Amino acid sequence: MAAVETTRPKAPLIYNPKARGIAYQLLLCALILFLAWSAIHNAAENLARAKIATGFGFWDNTAGFDISQSLIEYSTTSSYGRAFWVGLINTLLVAALGVVFATLLGFLLGIARLSRNWLVARMAGFYVETIRNIPLLLQLLFWYNAVLKALPGIRESFVIPGGGFLNNRGLFLPQPVFGPAARFALIALLLGVVAAIVYRSWARRRQMATGQQAPVLWVTLGLVIALPLAVLALSGWPVTFSYPESGRFNIRGGIEVLPEFMALLFGLSIYTAAFIAEVVRAGILAVAKGQTEAAYSLGLRPGLALRLVVIPQSMRVIVPPLTSQYLNLTKNSTLAVAIGYPDLVQIFAGTVLNQTGQAVEVIVITMAVYLTISLVTSGLMNLYNRRMALVER
Amino acid sequence: MRGVLACVLGGLVIKSVVLRLALAAAVAIAASAASAQTLNTIKSRGGINCGSNGTLAGFGLPDSQGRWTGLDVDFCKALAAAIFNDPNKAKFVPLTAKDRFTALQSGEVDVLARNTTWTSSRDTSLGLNFTAINYFDGQGFIVRKALKVNSALELGDAAVCVQQGTTTELNLADYFRANKMKLKTVTFATSTEALKAYDAGRCDAYTTDASGLAGERLRLANVNDHIILPEVISKEPLGPAVRHGDDQWFDIVKWTHYAMVNAEEFGITQANVDDQKKSDNPDIKRLLGTEGKHGEALGLSDDWAYRIIKHVGNYGEAFERNVGQGSPLKIARGLNGLWNKGGLQFAPPVR
Ligand SMILES: N[C@@H](CCC(=O)N[C@@H](CS)C(=O)NCC(=O)O)C(=O)O
């Protein structure tokens, strides 16, 4: 037997489809690597010949310019690297809040457009068709100029009861300053959140098993809000407020929300909500009508039928295009540059690029950042989608 | 319709993002063009590409018929006159402050004459060379009269609108730091947006080069409600820049400015240049090319300076026409007067 095996003619490797496939792939990889290498090499050589500074040495140099909004410590003596982080955080801030608001508004509108109430459905339809069809840049410029024009000047500020101001320099609110004793309240808050999660899952399991309902909402509110407040009261209110006050030109102190930020957040949320509304509407329509009818015949009220039967099933259809909308919102936030909001593109791909002149490095970093944000967002959404997906048995 | 609108509007900003991306790539690939013969490229192309300001009265601004005017525009026309004997062979590419250097590095423009301040880092690490100073300037502030501010030193805590990618942005931060004043900067990509925000009350002050203030204030809704503060907080020597690596082109750009200044010094004007050609003054003979081979040494014809003066005029004429008494800006010669009249404009001799 053994002899037969050894004498069997062995096909040369080129006729082996698997080996051939691997060889082609290797060849392609080598080609791509070579192209990339020669592009980089060529660029470096050309830049050196033109005596244009290269490399990432600029990262630690002093930036020298001021930034209107930074959530981390930044001054004109900070480095370009620091300015990069300020810009990135500003981008993430407006994108994250934009995603939250656009989602809330978008779901409301999507559902409203399917409402049996003629007026509600028409109004939602009107919103979607108008907002979707006007370029975002125009809307941002509109909101920015509307915000600036509609709000009073600094000397005629709206006074918000409780010590806040609203004017064309922004929204100014009292800033809570927590004393050392406030950490007990923080601990209470964390405990409250954990307890609420445990309670909710217990209540759900019990409802599944026995059909008995628990007052989930009230218990959650009590644990998350009332408990920390009670602890705060017991520890003698270790909270003071730093109130904004008017100086010679501007309002100082307190929490400051810039008009540029408000306009951008407003514009992005309103615009993206119109697209999300359509995604939601399509998702709901994709759920077979029989599901709603079955829910009704079980005695569920329309609101509950929507919440418990239709929406969970429509999420499978909604999530993938919703992810695209989130990515769009993040990328659209780069239009900030038009209305003076200091996002990553305005600070880094704008001022830093100009001051250092290192276009290649700065643009490569900026592209890498947006790519990373997009990949992380869609990764998270895919995780969520996998949990939502229909589990086939 | 919607598509068209979207394109036009989107174009405004997208253009700058995509443009920067494209330019970044182009910098890497085309930087080699720097060492090429710029003059030959210009001649075979049949025109000069000038990086210009597109919105600044007095320096670079197209009118409704697309005719460009301004001191920097006239400078480019002078270059075109010297090379082609035709000032209309200059093509103007409007650039924002922050995109201008990338455009020059990548070879999109041959020369950057866009009220650009000569600084050491721009002259070295950006891969550029500044040729000459065609306008001596400094940075100033404009504020609302109603604020009752008389000095920039009273601006502590003020909000200031400024354009990004400028020395203005840096001087502003320095000035407030040096004087221990708090500052709220609001930064915009274009001066149009920055000025509009100032006009809408977003900022207490707007700051830029004094020459820019003179032009920009005319765009405010109510010019008389604003005053320019007396302080000049920086030195802003503005001048045309070229890429590193082409000495001939560097010389041509530099000597175009000097020809205009020398012409003013010798009293040669657009009107009398033909008469002056008959002059016996050896300085004038050399400048106008009736004696010596000074144009040839630059790679131009010997009457290069004659062409400049014939088509564009001398430095003083260009100044008065664009920013001086013949313009709405009405800026006095001041530092930009000739050296023998109390100013700083001093040109090396043609010999
Ligand atoms: N000289 C300064 C500032 C030049 C500058 O860009 N000035 C502004 C304000 S006068 C301008 O020309 N803006 C017109 C525009 O960007 O369209 C520099 O070189 O950085």
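Residues numbered from 1 in each chain as written. Chains lettered and ligands numbered in written order. Predicted model: local features only at pLDDT ≥ 70, side-chain atom pairs only at ≥ 80, totals over all residues. Heavy atoms only, no water.

Colleague: Describe unusual backbone geometry, listing the residues and the values that go with them.
Modeller: We note that Asn-85 of chain B has phi near 60°; this positive angle belongs to a residue other than glycine. Summarising the element assignment, Asn-85 of chain B is placed in the loop between α3 (71-84) and β4 (90-94). (Helix = DSSP H or I, 4+ residues; strand = E, 2+ residues; numbered from the N terminus.)

Colleague: Hey, could you go over the sheet that holds strand β1 (residues 158-160) of chain A for me, with residue numbers and the actual values?
Modeller: All names here are of chain A. Pairing in this open sheet of four strands is antiparallel, and the strands run β1-β2-β3-β8 from one edge to the other. Each end of this open sheet is capped by a strand with a single partner; those strands are β1 and β8 (255-257). Averaged over neighbouring strand pairs, the angle between their axes works out to 15° when direction is ignored. The pairing of strand β3 (residues 170-173) with β8 spans three bridges and is antiparallel. By the bridge assignment, Phe-172 is partnered in β8 with Glu-256. (Pairing = 2+ DSSP bridges. Axes fitted to C-alpha atoms, helices over the stretch in contact; angles between N-to-C directions.)

Colleague: Run through the domain arrangement of chain A, naming residues and quoting values.
Modeller: The domains assigned to chain A are domain 1 (80-159 + 257-388) and domain 2 (175-242). The distance between the C-alpha centroids of domain 1 of chain A and domain 2 of chain A comes to 30 Å. (Domains from an automatic or database assignment.)

Colleague: Any chance you could break down the side chain of Thr-377 of chain A for me, citing the residues and the numbers?
Modeller: Mapped onto the fold, Thr-377 of chain A is located in helix α12 (residues 359-388). Residues in contact with Thr-377 of chain A, not counting those within four places in the same chain, are Tyr-326 and Leu-327 of chain A. (Contact = heavy atoms within 4.5 Å.)

Colleague: Please give an account of the interface of chain B and chain A that cites residues and values.
Modeller: Listed per partner, the contact involves 59 residues of chain B and 56 residues of chain A. For the chain B and chain A pair, buried surface summed over both sides reaches about 4600 Å², with 56% attributable to carbon and sulfur atoms. Joining chain B to chain A, the criterion identifies five salt bridges. Between Glu-154 of chain B and Arg-248 of chain A there is a salt bridge, with its nearest N and O atoms 3.6 Å apart. Scanning the region where chain B abuts chain A turns up 21 residue pairs in polar contact (both at pLDDT 80 or more). It is helix α1 (residues 2-30) of chain B that contributes the most residues to the side of chain B that touches chain A, 14 residues altogether. Looking at the side of chain B that touches chain A residue by residue, the class counts come to 30 nonpolar, 16 polar and 13 charged. (Buried area = accessible area lost by both parts, 1.4 Å probe. Salt bridge = Lys/Arg side-chain N within 4 Å of Asp/Glu carboxyl O. Polar contact = N/O pair within 3.5 Å; in protein donor to acceptor, adjacent residues only side chain to side chain. Nonpolar A, V, L, I, M, F, W, Y, C, P; charged D, E, K, R; others polar.)

Colleague: Describe in detail the confidence of the model for chain B, supporting the description with residues and values.
Modeller: All names here are of chain B. In the predicted model, chain B carries a mean pLDDT of 90, and 90% of its residues have values of at least 70. When the elements of chain B are averaged for pLDDT, α1 gives the smallest value, 48, and strand β5 (residues 111-112) the largest, 98. Counting contacts from residues 1-16, a segment whose pLDDT is below 50, to residues more than four positions away or on other chains yields 21 contacts. Here the predicted complex scores 0.85 on pTM and 0.83 on ipTM. (pLDDT = per-residue confidence, 0-100.)

Colleague: If you had to explain the pattern of salt bridges to someone new, which residues and values would you point to?
Modeller: Two side chains carrying opposite charge are able to pair once their charged atoms lie near each other. Taken as a whole, this structure holds 23 salt bridges over all chains when the rule is applied. Note that Asp-204 of chain B and Arg-169 of chain A form a salt bridge whose closest N and O atoms lie 2.9 Å from each other. Taken as a pair, Asp-204 of chain B in the loop between α7 (191-199) and β11 (205-209) and Arg-169 of chain A in the loop between β2 (164-167) and β3 lie in two separate chains rather than in one. Overall, Asp-204 of chain B belongs to the buried group, its relative accessible area being 2%. Given a relative accessible area of 4%, Arg-169 of chain A falls into the buried group. Notably, a salt bridge pairs Lys-278 of chain B with Asp-275 of chain B, separated by 3.8 Å at the nearest N-O pair. One salt-bridge network, held together by shared partners, links Arg-113, Glu-129, Arg-132, Glu-278 and Arg-281 of chain A. (Buried < 20%, exposed > 50% of the residue type's maximum accessible area, 1.4 Å probe, protein only.)

Colleague: Could you give me a rundown of the sheet that holds strand β8 (residues 139-144) of chain B, with the residues and numbers involved?
Modeller: Two orientations exist for strands paired in a sheet by backbone hydrogen bonds: parallel and antiparallel. Residues and elements named next belong to chain B. If you walk across this open sheet you meet the five strands as β10-β9-β11-β8-β12, and the pairing is mixed. Of all the strands in the sheet, just β10 (183-188) and β12 (226-228) have a single pairing partner and so form its edges. Sheet twist, expressed as the average angle between the axes of neighbouring strands with direction ignored, equals 30°. The pairing of β8 with β11 spans five bridges and is antiparallel. What sits directly across from Ile-142, in β11, is Tyr-206. In the packing of helix α6 (residues 167-178) onto the sheet, contacts are made with β8, β9 (158-163), β10 and β11, and the angle to β8 comes to roughly 75°.

Colleague: Go over the site of the ligand with me, naming the residues and quoting the values.
Modeller: Residue and element names in this part refer to chain B. Asn-53, Thr-55, Thr-117, Gln-163 and Asp-209 are the nearest of the 21 residues found near the ligand. Measuring from an oxygen atom of the ligand, one finds a side-chain N or O atom of Asn-53 at 2.6 Å. Between the ligand and the protein, one listed contact pairs an oxygen atom with a side-chain N or O atom of Arg-100 at 2.8 Å. Look at the ligand: alone it shows 500 Å² of surface, and the protein chains cover 98% of it. (Near = heavy atom within 4 Å. Areas by Shrake-Rupley, 256 points an atom, 1.4 Å probe, with all protein chains shown as cover.)

Colleague: With reference to specific residues and values, describe the packing of aromatic side chains.
Modeller: Taken as a whole and judged by the stated rule, the model has 26 aromatic pairs over all chains. Pairing Phe-58 of chain A with Trp-59 of chain A gives two aromatic rings, centres 6.3 Å apart and planes at 65°, and the pair type is edge-to-face. Residue Phe-58 of chain A is classed as buried on the basis of its relative accessible area, which comes to 4%. With a centroid separation of 5.3 Å and an interplanar angle of 75°, the aromatic rings of Trp-255 of chain B and Tyr-258 of chain B are classed as edge-to-face. Separated by three residues within a single helix, Trp-255 of chain B and Tyr-258 of chain B lie in helix α9 (residues 247-265), roughly one turn from each other. Across the pair, Tyr-258 of chain B and Trp-255 of chain B agree in class, each one buried. Cluster of aromatic residues (ring-pair linked, three or more members): Phe-56, Phe-58, Trp-59, Tyr-80, Phe-84, Trp-85 and Phe-348 of chain A. The ring centre of Tyr-198 of chain B lies 4.6 Å from the NZ or CZ of Arg-144 of chain B, which sits over that ring. Geometry around Phe-319 of chain B places Arg-333 of chain B over its ring, the cationic atom sitting 5.1 Å from the centre. (Phe/Tyr/Trp six-rings, centres within 6.5 Å; stacked < 30°, edge-to-face > 60°. Lys NZ or Arg CZ within 6 Å of the ring centre and 35° of its normal.)

Colleague: Quick rundown of the nonpolar core? Include the residues and the values.
Modeller: In this structure, Tyr-127 and Leu-264 of chain A together with Cys-161 and Tyr-206 of chain B are the most contacted members of the largest nonpolar core, which totals 65 residues. In terms of residues, this core owes the most to one element, helix α8 (residues 259-285) of chain A, which gives 14 residues. Those residues within four positions of Leu-264 of chain A in sequence are excluded, and the remaining contacts are Val-94, Leu-140, Ser-333, Ala-336, Ile-339 and Tyr-341 of chain A. In this structure, Ile-42, Ala-82, Ala-132 and Ala-263 of chain B belong to the second largest nonpolar core, which totals 58 residues. (Core = buried A, V, L, I, M, F, W, Y, C linked by side-chain atoms within 4.5 Å.)

Colleague: Break down the state of the cysteines for me, with residues and values.
Modeller: Residues and elements named next belong to chain B. Summed over the entire model, instances satisfying the criterion amount to two disulfides over all chains. What pairs with Cys-161 in a disulfide is Cys-203, and their sulfur atoms sit 2.0 Å apart. The sign of the S-S torsion, about 75°, decides the handedness of the disulfide formed by Cys-161 and Cys-203: right-handed. Linking Cys-161 in strand β9 with Cys-203 in the loop between α7 and β11, this pair joins segments that are 42 residues apart in sequence. Comparing Cys-161 with Cys-203 shows no difference in burial state: the two are buried. Sequence-ordered numbering of the disulfide-bonded cysteines in chain B gives the connectivity 1-2, 3-4. (Disulfide = S-S within 2.5 Å.)

Colleague: For the domain arrangement of chain B, give the residues involved together with the corresponding values.
Modeller: Residues and elements named next belong to chain B. Looking at the assigned domains, one finds that chain B contains domain 1 (39-136 + 238-340) and domain 2 (139-234). Its C-alpha centre places domain 1 at a distance of 29 Å from the equivalent point of domain 2. Between domain 1 and domain 2, the contact holds 18 residues from the first and 17 residues from the second. Here domain 1 packs against domain 2, burying approximately 1100 Å² in sum over the two surfaces, 59% of which is carbon and sulfur. On the domain 1 side of the interface with domain 2, the three residues burying the most area are Thr-55, Leu-56 and Lys-98, jointly 34% of the side's total. Run the count over domain 1 and domain 2 and you get zero salt bridges. Where domain 1 packs against domain 2, one counts two residue pairs in polar contact (both at pLDDT 80 or more).

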